[in-house]
Amino acid sequence: MNRLFVVSNRVPLPEKGAQAGGLATALQPLLEREGGVWFGWSGATAAKAAEQPARISHAGRVTYATIDLSKAEHDGYYANFANGVLWPLLHSLPEMMRFDRGDAETYFATNARFADTLVPLLQDEDLVWVHDYHFLPLPGLLRARGVANPIGFFLHIPFPSAEILALAPPAGKLIAALLQADVIGFQTSADLRNFAAAATTLTGARQIAAERLEIDGRRVQLGVFPAEIDAEEFAAAALRAARSPTVERLRRSLGGQCLILGVDRLDPTKGLVQRLAGYRRFLETEATWHRRVTFLQIAPVSRQDVASYQALRAELSQLAGEINSECGDPDWSPLRLITKGGPRTTLAGYMRAARVGLVTPLRDGMNLVAKEYVAAQDPEDPGVLVLSRFAGAAQQLDAALLVNPNDPDAIAEAIARALAMDLRERQTRWRAMWQAVTENSPLDWGLGFLRVLVQSASKPTAQVAPPHAKPLAPRHTPALHTPSNAIN
Ligand code: GDG
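Here, residues in each chain are numbered from 1, in the same order as that chain's written sequence. Thresholds applied to this predicted model are a pLDDT of at least 70 for local features of residues and 80 or more for the giving and counting of side-chain atom pairs; totals over whole chains, interfaces and linings are not thresholded and use all residues. Side-chain measures here rest on the full set of heavy atoms in the structure, leaving out hydrogens and waters.

## Quick notes on the site of the ligand
Part 1: Around the ligand, the structure places 26 residues, and the nearest of them are His156, Gly342, Asp364, Leu368 and Glu372.
Part 2: Within the side chain of Asp364, an N or O atom sits 2.5 Å from an oxygen atom of the ligand.
Part 3: For the accessible areas, the method is Shrake-Rupley and the probe is 1.4 Å, while residue cover comes only from the protein chains on display. Contact with the protein chains removes 96% of the 740 Å² of surface that the ligand exposes when unbound.
Part 4: Helix numbers and strand numbers start at the N terminus; a helix is a DSSP run of H or I with at least 4 residues, a strand a run of E with at least 2. Put simply, the parts of the chain that give the shell around the ligand at least two residues each are helix 1 (22-34), helix 12 (344-353) and helix 13 (368-376).
Part 5: In this entry, domain limits derive from an automatic or database-based domain assignment. Both of domain 1 (4-227 + 440-456) and domain 2 (231-437) provide at least three residues apiece to the shell around the ligand. Nearness of a residue to a molecule or strand requires only that one of the residue's heavy atoms be within 4 Å of it. What qualifies as a polar contact is a pair of N or O atoms within 3.5 Å, subject to a donor-acceptor requirement within protein and to the restriction that residues adjacent in sequence count only when both atoms come from side chains.

Printed below as a string of structure tokens:
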């Protein structure tokens, strides 16, 4: 019986209800079905955080184990280094980075505290799966504490070129510690290639195959695992929600106008400023659409404890005000900007009601909203997805109208083209995208990763044997516990 032990910064504690965020959307179905432990930050700060043990709770088959952060850890590890340095750099937005050596030290120290709290909770045969940029050094810190379990790591966000990564002074140290994992997974093959190049440039790693590195006599398996949604389930939810009073109210409020919809956490990488500029350009150049469209941008506030996110919120409110006052009419507001989140099913219903889905991040690991928009459509009368070519999802959803999110004219043209597109073309494009989003589920994604983890960690190939040496004994021969998952 191999337990799954997931580590992520935020843990979707059931008492907190649904929250905006792709990591939980991707991981929750796997944990709920397979059971296991979900370990990470509680989302709270406490004065004596370091003295508290992990807080344990249970729901269904999942055990949640969380710790609070001290104010200093919250600021240094979470707000300043993870979100102020790594998040922008990994999204190739170095001009947003604010580096301070003290924050980097707090990041490593907080990772060490997570490791110290985690180790006593681990059982010998657990499969440890670490998620995202908050925990780049965790695999190394766990190995230093004697953890011999299989360790996998998945990066939900993009990986930049080695030159951009090297702008963070501890880049080499971070990658060296990460290379203590058995398997490192990425959203796209471009991310994987960038990582392999950074690992060989910044550490002593050698690339011995397209998806394999070697360092200090160990082999590290790399892999591409695009995050998925449960498209059938989302489609059913959208169909149900479309008849709900909330969605009916939205429809009535439109008075027959076409709905253009955006749904994104309020985050600089999502390209919201550029998107509003594109919409404004559309309004300026396409007068025939005046009073016939409304753009609803739902942007639930996110990371409001990070200063740049507060500034972005203010900037968006100002831009939205300008668009409505300068491009609107007394009886028509072309834009609705809502910074409150809503239930997932309501969002599904809104997506189904939208003639155009605008998903234009400057860069995005995958972007599950793009996949959800496709899943939510009525096959008989589908809307059109306008998608940034710099979202990982563009690899699978190349039947969308792909745009460069930095170009307001391109966004304006794509909106006009989407609104004017005939039914046949909409259906053809949608069918290709439906095919892509139904090919795999979040369960396939999670089990696919774990299968590679089990294989890589149990094979002697995790170690590089010297010539003619006897093969090393497998460290573990794990197998997950339900027959259906067949991950061996
Ligand atoms: C990271 C990577 C990668 C949004 N508003 C509400 C709400 N949402 C849901 C959406 C969707 C999820 O949150 C957002 O997922 P994304 O993938 O679009 O974006 P990130 O949060 O940045 O996710 C991303 C992902 O991890 C998975 O690997 O795709 O590239 O950045 O499911 O529907 N959910 C609820 N209320 C809202 O107001 N309940």
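Here the narrative resumes, following the displayed structure.
## Section: the sheet that holds strand 16 (residues 401-403)
Part 1: The strand order across the open sheet formed by 6 strands is 13-12-11-14-15-16, and the pairing between neighbours is parallel. Two strands close off the open sheet at either side, each with one partner strand: strand 13 (335-338) and strand 16. Taking each pair of neighbouring strands and ignoring which way they run, the sheet shows an average axis angle of 20 degrees.
Part 2: Whether two residues touch is decided by their heavy atoms; if any such pair falls within 4.5 Å, the residues are in contact. In this analysis an axis means a line fitted to C-alpha atoms, helices contributing only their contacting stretch, and an angle means the value between N-to-C directions, from 0 to 180 degrees. Docked against the sheet, helix 9 (residues 245-254) engages strand 11 (258-263), strand 12 (293-298) and strand 13, running at close to 150 degrees with respect to strand 13. At least two DSSP bridges between two strands are needed for those strands to be called paired.

## Focus on the domain arrangement of the protein chain
Part 1: When its domains are assigned, the protein chain resolves into domain 1 (4-227 + 440-456) and domain 2 (231-437).
Part 2: Each of domain 1 and domain 2 has a C-alpha centre, and the two are 30 Å apart.
Part 3: Taken together, the contact between domain 1 and domain 2 spans 23 residues of the former and 22 residues of the latter.
Part 4: For domain 1, the biggest contributors to the area lost against domain 2 are Trp87, His91 and Ala227; these three give 24% of the whole.
Part 5: Counting across the domain 1 and domain 2 interface gives 6 residue pairs in polar contact (both at pLDDT 80 or more).
Part 6: For the side of domain 1 that touches domain 2, the elements supplying multiple residues, two or more each, are helix 1 and helix 2 (71-90).
Part 7: A per-element tally of the side of domain 1 that touches domain 2 places helix 2 first, with 5 residues.
Part 8: Within the side of domain 1 that touches domain 2, the residues separate by chemical class into 12 nonpolar, 11 polar and no charged. The term buried area means the drop in 1.4 Å probe accessible area that two parts suffer when joined, counted for both and summed. All amino acids are sorted into three groups, where Ala, Val, Leu, Ile, Met, Phe, Trp, Tyr, Cys and Pro are nonpolar, Asp, Glu, Lys and Arg are charged, and the leftover types, Gly among them, are polar.

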